[in-house]
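Working through the structure, step by step
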Amino acid sequence: MKEVQAILFDLDGVITDTAEYHYLAWKKLARELGIEIDRTFNEQLKGVSRIDSLEKILAYGNRLQDFTREEKEALANKKNELYKKMITNITPADLLPGIKEFLEEVKQANLKTGIASASKNAFRVIDYLQVGDYFDIIVDAAKVEKGKPDPEIFLKGADQLGVDYCTCIGIEDAAAGIKAIKSAGMFAVGIGSRTELKEADIILSSTNELTLETILPAYKNTSAAQ
Ligand code: BG6
Ligand code: MG
């Protein structure tokens, strides 16, 4: 059995509640296009890249064929401008409950840390939250070819940290993210709904429950069973 070496964190919905701002920005844009989306539909957008999210919304509203590639890019940019306006007020107070304490604990335990977020705004959000020092690496989403549920971003994160994939723990709030972690051969911690995240190795209902004491025994059991 290999000891855990690194933790790879999703950002939106795990470190801070930007998942809500992504939802509100998409909802506004969709409404302008005559498409109504709700929180249930939004679960499918979590963890998914900007352009893939737009295509899912257009398909949902039966409008996928109505726009050229350039028009879709303009719509995705418009959503991003809305989103960027919404996040300007983010401060360290917007870290989700228990995250600061967990990051401290992980550092004390000498584990490596990385951000594996599909968001091209990840560097900006980490800056606003003033938690850059807690992470050894942030994978640049702009350089990732295949979005979650493809494992690429988690594999890149582990490569940048120089650790074996099977010694990594990934933490995610999205079904697409959990799939990506599992396909990367890593241990998956889900934060959120038991039904949405059923493929995770362990599911916690809130970031408040994130402690090494909760996660490590489950990691050890799983890797011992393999
Ligand atoms: C993910 C979010 O982290 O990043 C998605 O869960 C979002 O909702 C994706 O679409 C891409 O983010 P951005 O900031 O590059 O549009
Ligand atoms: Mg997320």
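Throughout what follows, the structure given in this document is the object of discussion. (Residues numbered from 1 in each chain as written. Chains lettered and ligands numbered in written order. Predicted model: local features only at pLDDT ≥ 70, side-chain atom pairs only at ≥ 80, totals over all residues. Heavy atoms only, no water.)

Further remarks concern the coordination of the magnesium ion (ligand 2). Coordination of the magnesium ion (ligand 2) by the protein comes from D10 (OD), D12 (O) and D173 (OD), over a distance range of 2.0 to 2.1 Å. One chain supplies every donor for the magnesium ion (ligand 2), spaced along it as D-x1-D-x160-D. On the basis of relative accessible area, D10 is assigned to the buried category, the value being 4%. (Donors = N, O, S within 2.8 Å, 3.2 Å for Na, K, Ca; no water. Buried < 20%, exposed > 50% of the residue type's maximum accessible area, 1.4 Å probe, protein only.)

Turning to helix α1 (residues 18–32), a few remarks are in order. An α-helical turn contains 3.6 residues, so a residue and the one three or four places further along point in the same direction. When the terminal C-alpha atoms of α1 are compared, their 22 Å separation across 15 residues agrees well with the 21 Å that a helix rising 1.5 Å per residue should span. Residues T18, A19, H22, Y23, A25, W26, L29 and A30 constitute the buried set of α1. In the stretch just after α1, G34 is the one whose phi turns positive, near 80 degrees. (Helix = DSSP H or I, 4+ residues; strand = E, 2+ residues; numbered from the N terminus. Expected span 1.5 Å × (residues − 1).)

It is worth spelling out the pattern of salt bridges at this point. When the charged atoms of two side chains with opposite charge come close together, those side chains can pair. Under the defined criterion, the tally for this structure stands at 18 salt bridges. For K2, the salt bridge identified is with D164, shortest N-O distance 2.5 Å. One end of the pair, K2, is in the segment before β1 (6–9); the other, D164, is in the loop between α7 (152–161) and β4 (168–172), with 162 residues separating them in the sequence. With a relative accessible area of 43%, K2 lands in the partly exposed category. A salt bridge links K78 to E32, with the nearest nitrogen and oxygen atoms 2.7 Å apart. Of this pair, K78 sits in helix α4 (residues 69–86) while E32 sits in helix α1, placing them 46 residues apart in sequence. We classify K78 as partly exposed; its relative accessible area is 42%. A cluster of three or more residues bridged by salt bridges with shared partners is formed by D10, K148 and E172. (Salt bridge = Lys/Arg side-chain N within 4 Å of Asp/Glu carboxyl O.)

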